Amino acid sequence: MSETLVLHLDDDWPATPAAPWVLLDAAGRPVAEGDSAPRHWPQARRVHVLLGGPQAAWLRLQLPNAPRRDEPRLLAYALEEHLVHDAETQHLTVSRRSAHEDGVRLDVLVIARARLSALLAGLDALGRPPSRGGLVMEALPAAAPGAWQLAASAGAACYL
């Protein structure tokens, strides 16, 4: 059995169940790939999910210096201008944290709790609970500072 099945799930999954996938060996090298319905996905020890499209956001926020216990309140306040819906209806994951002299910079992944629940329920029903999740944008190579980069993914999605 291979180590990791990486699934690319767009915002219409599971209504449209077929999805692009890549199977990785223990060293992280691709050994197979495809775009198929779940019944044709290969078996693997782990399932990683990359979310495409508008179903999640990756935000970089700057918080002022403050005690760590105040961070949830400051984070919710900083998110207000970036979110369409209330922060309470969103699932937040801090993916990176770096200290700066004027505060803390956080990379935050944001997804609606309802969407996250639907994804997890659909994958659980298939016997494919994910061990890791992230955004397609995180998997793209980093652009040079100050440069623009355009990437096209499976289907019609583009990332700038």
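Now for a look at the structure at hand.

## So, the overall build of the protein chain
- Along its length, the protein chain carries three helices and 10 strands.
- Ordering the α and β elements of the protein chain from the N terminus gives β-β-β-β-β-α-β-β-α-β-α-β-β.
- Based on the C-alpha atoms only, the size of the protein chain along its principal axes is roughly 50 × 35 × 30 Å.
- Out of the 160 residues belonging to the protein chain, those deemed buried represent 36%.
- Considering only intrachain contacts with a sequence separation of at least 6, the fraction spanning at least 24 residues in the protein chain is 56%.
- Surface accessibility of the protein chain: about 10,000 Å² in total, with carbon and sulfur atoms responsible for 55%.

## Quick word on helix α2 (residues 113-125)
- When the terminal C-alpha atoms of α2 are compared, their 18 Å separation across 13 residues agrees well with the 18 Å that a helix rising 1.5 Å per residue should span.
- For α2, the secondary structure elements touched by its buried residues are β1 (2-9), β4 (44-51) and β7 (103-112).

## Overview of the pattern of salt bridges
- In this structure the tally under the stated criterion is seven salt bridges.
- Notably, a salt bridge pairs Glu3 with Arg46, separated by 3.5 Å at the nearest N-O pair. Taken together, the residues span a long stretch of sequence, with Glu3 in strand β1 and Arg46 in strand β4 at a distance of 43 residues.
- Residue Glu3 is classed as buried on the basis of its relative accessible area, which comes to 17%.
- Residue class for Arg46 comes out partly exposed when judged on its relative accessible area of 34%.
- Of the charged contacts in the structure, one is a salt bridge between Asp107 and Arg96, with a shortest N-O distance of 3.3 Å. Here Arg96 lies in strand β6 (residues 90-100) and Asp107 lies in strand β7, a separation of 11 residues in the sequence.
- The buried category is assigned to Asp107, whose relative accessible area is 2%.

The rules behind each value
Residues numbered from 1 in each chain as written. Predicted model: local features only at pLDDT ≥ 70, side-chain atom pairs only at ≥ 80, totals over all residues. Heavy atoms only, no water. Helix = DSSP H or I, 4+ residues; strand = E, 2+ residues; numbered from the N terminus. Buried < 20%, exposed > 50% of the residue type's maximum accessible area, 1.4 Å probe, protein only. Contact = heavy atoms within 4.5 Å. Areas by Shrake-Rupley, 256 points an atom, 1.4 Å probe, with all protein chains shown as cover. Expected span 1.5 Å × (residues − 1). Salt bridge = Lys/Arg side-chain N within 4 Å of Asp/Glu carboxyl O.

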